[in-house]
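Spelled out from the first residue to the last, the chains are:
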Amino acid sequence: MSAGLGAERPQVVSHVQQALSYTVFDCKWVPRSARLLCLGSAARGTGLIQLYELHGARLELLREIEKPKPIKCGTFGATSLQQRYLATGDFDGNLNIWNLEAPEIPVYSVKGHKEIINSIDGVGGLGIGEGAPEIVTGSRDGTVKVWDPRQSDTPVANMEPVQGESKRDCWTVAFGNAYNQEERVVCAGYDNGDIKLFDLKTMSLRWETNIKNGVCSVEFDRKDINMNKMVATSLEGKFHVFDMRTQHPTKGFASVSEKAQKSTIWQVRHLPQNRDIFMTSGGSGSLHLWKYEYPVQRSKKDSEGSEMGVAGSVSLLQNVTLSTQPISSLDWSPDKKGLCVCGAFDQTVRVLIVTKLNKI
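Each chain carries its own residue numbering, running from 1 in the written order of its sequence. Since the coordinates come from a predicted model, pLDDT governs what is reported: local features require at least 70, and pairs of side-chain atoms require 80 or more to be given and counted, while whole-chain, interface and lining totals use all residues. Calculated side-chain values reflect all of the structure's heavy atoms, with hydrogen atoms and water omitted.

Rules: UniProt positions are given in the numbering used here, feature names are shortened, and annotations may be inferred rather than shown by experiment.
Under an unreviewed UniProt entry, the name given to the chain is Dynein axonemal assembly factor 10, and the organism recorded is Regulus satrapa. As stated in UniProt under Subcellular location (unreviewed entry), the record for the chain gives "Dynein axonemal particle". According to its UniProt record, the chain has this under Function (unreviewed entry): "Key assembly factor specifically required for the stability of axonemal dynein heavy chains in cytoplasm."

**Side note on the layout of surface pockets**
Over the atoms, a rolling probe the size of a water molecule traces out where space has been left empty. Defined as follows: Of the two site types, the cavity is a set of points on a 1 Å grid over the protein atoms alone where a 1.4 Å probe fits but cannot get out, and the pocket is an open set with protein on both sides within 12 Å along at least five of seven lines, each lined by residues with an atom within 4 Å of a point. Grid points are joined across faces, edges and corners, and a volume is the space filled by probe spheres set on the points. The helix count covers DSSP runs of H or I at least four residues long, the strand count covers runs of E at least two residues long, and both are numbered beginning at the N terminus. Charged residues are taken to be Asp, Glu, Lys and Arg, nonpolar residues to be Ala, Val, Leu, Ile, Met, Phe, Trp, Tyr, Cys and Pro, and polar residues to be all remaining types, Gly included.
Here the second largest pocket defines a volume of roughly 340 Å³. Around the second largest pocket sit 19 residues that line it, and Glu160, Pro161, Glu165, Lys196 and Phe198 are the ones nearest its centre. Going through the elements one at a time, β13 (157-159), β16 (194-199) and β17 (204-210) are the ones with two or more residues in the lining of the second largest pocket. Residue composition of the lining of the second largest pocket, by class: 8 nonpolar, 5 polar and 6 charged.

**A few points about a positive patch on the surface**
Selection rule: In this scheme, patches are assembled from residues that exceed 30% relative accessible area and form no salt bridge. Like charges are connected within 9 Å, while nonpolar side chains (Val, Leu, Ile, Met, Phe, Trp, Tyr) are connected within 5 Å. Note that accessible areas follow from Shrake-Rupley with a 1.4 Å probe, and for residues the cover is restricted to the protein chains shown. The term salt bridge refers to a side-chain nitrogen of Lys or Arg lying within 4 Å of a carboxyl oxygen of Asp or Glu. Lys and Arg are tallied as positive, Asp and Glu as negative. Neither His nor the chain termini are counted. A charge is said to be at NZ when it belongs to Lys, at CZ for Arg, at CG for Asp and at CD for Glu. Relative accessibility thresholds used throughout: buried, under 20% of the residue-type maximum; exposed, over 50%; partly exposed, between the two (1.4 Å probe, protein chains only).
On the surface, a cluster of positive charge is made up of Lys212, Lys238, Lys259 and Lys262. Here Lys212 shows up in the loop between β17 and β18 (215-220). The exposure class of Lys212 is exposed, given its relative accessible area of 72%.

**With respect to the side chain of Lys28**
How we decide: In protein, a polar contact requires one atom able to donate a hydrogen and another able to accept it; more generally it is a pair of N or O atoms within 3.5 Å, and residues adjacent in sequence count only if both atoms are side-chain atoms. Any pair of residues with heavy atoms lying within 4.5 Å of one another is described as a contacting pair.
Locating Lys28 in the fold gives a position in strand β2 (residues 23-29). A polar contact is formed between the side chain of Lys28 and the side chain of Asp26, at a distance of 3.3 Å. Sequence-distant contacts of Lys28, that is, excluding residues within four places in its chain, are made with Arg35, Leu36, Leu37, Gly74, Thr75, Phe76 and Asp331.

**Some details on the sheet that holds strand β30 (residues 348-354)**
Short version of the rule: Only strands joined by at least two bridges in the DSSP assignment are considered to pair. For helices, the fitted axis covers only the stretch in contact; all axes are lines through C-alpha atoms, and the angles between them, taken along N-to-C directions, range from 0 to 180 degrees.
With antiparallel pairing, 4 strands are arranged side by side in an open sheet as β1-β30-β29-β28. Across the chains shown, the open sheet's two edge strands, defined by having one partner strand only, are β1 (12-19) and β28 (327-332). Sheet twist, expressed as the average angle between the axes of neighbouring strands with direction ignored, equals 20°. Where strand β29 (residues 339-344) lies against β30, 6 bridges are found, and the strand directions are antiparallel. Note that in β30 the partner of Gly343 across the bridge is Val349.

**Topic: the nonpolar core**
We apply this condition: Residue types Ala, Val, Leu, Ile, Met, Phe, Trp, Tyr and Cys, when buried and joined through side-chain atoms within 4.5 Å, form a set referred to as a nonpolar core.
Counting residues in each nonpolar core, the largest one holds 18 residues, and the members touching the most others are Met279, Leu287, Leu289 and Trp332. When contributions to this core are tallied by element, the ones reaching two or more residues are β23 (274-282), β24 (286-293), β27 (313-321), β28, β29 and β30. Counting 17 residues, the second-largest nonpolar core is a separate cluster that includes Leu36, Ala42, Leu339 and Val341.

**A word on the pattern of salt bridges**
Applying the stated criterion across every chain yields a total of 21 salt bridges. Measuring nitrogen to oxygen at the nearest pair gives 3.3 Å for the salt bridge that ties Arg35 to Glu53. Separated by 18 residues along the polypeptide, Arg35 in strand β3 (residues 35-41) and Glu53 in strand β4 (residues 47-55) bring together distant segments of the chain. Given a relative accessible area of 29%, Arg35 falls into the partly exposed group. Of the charged contacts in the structure, one is a salt bridge between Arg222 and Asp224, with a shortest N-O distance of 3.0 Å. For Asp224, a relative accessible area of 17% translates into the label buried. Linked through salt bridges whose partners overlap, the residues forming this network are Asp221, Lys229, Arg275 and Asp276.

**Points about the side chain of His270**
Mapped onto the elements of the fold, His270 is located in strand β22 (residues 265-271). When its relative accessible area of 6% is taken as the criterion, His270 is described as buried. Every residue in contact with His270, bar those within four places of it in the chain, is listed here: Glu219, Phe220, Asp221, Val231, Arg275, Ile277, Phe278 and Trp332.

**Observations regarding the UniProt feature "repeat: WD" (unreviewed entry) in the chain**
UniProt records the feature "repeat: WD" (unreviewed entry) for residues 135-157 in the present numbering. Strand forms 43% of residues 135-157 and helix 0%; the C-alpha atoms that close the span are 10 Å apart.

Okay, here's the thing in structure tokens:
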């Protein structure tokens, strides 16, 4: 624990709890609103999108949309704040983009993968970053694909196992390095502990490593800047923070790892208003709030004269147990600092307020 925090430690307060009648796999704040979405699977095997609005200490259900296949993941990341279209990946490998004002028929639809889409991310929208309104999907079929909704049925990039390489279940994908029109990377994490960084500008594998455990979630601290740092979480309760500023020719990126708990760390999400603070959600129904401290010098020269990164340190700011079941999804409000939503397998969605974040 960092010295001097004491009474200034942030608190994680459960503001509203809402019981659901289905399994929730993902939850998202609707940008520039007091609304949130829950995405999941109904008992009869269909997909559900529920739109809620926060009114004081209660959530009001505004709309429930049922779809043929269970929905695993969603993002607002690929469209403008004016549009606020939702992109979803489902259990049948379909990528759909929905206008929530008229959700009967998707504005874009493609059979993206042969199997379930486990993870989805968007870049170029939300008033940040540069370039195309691209979407990346990662699937159990072992492939990672990048889509531009302005092009119909084919992905603009397809990262798949090379011939002879075994197919690994891709559990998580994230965009990064999107600081101008040309640059863009995708990071993907797999069930065998592989992490791969694909450079979309050169269409090549830029870096790979293995953290010896299934990679549940990866996220850059911000998508729309020069790569700064990235967190990867794993099945065995560990997470790794990689300093992405300096890539050594053989050692790759410097990293620090932390054992957060005994159970799986399902997700990591950086605080949009302070990218050095992030939250992890766990299989034990707990949330942990962390702060990253940079080292005095972020790089040094090795004996050959090559620049290599220096990892910083991580301190725990707060932790709280909310559920007896895993908290599988987590999203910070992009607009209101400290407001977040999480969904757990106890079929409950919770709106949380994290206090004192401006004191850190």
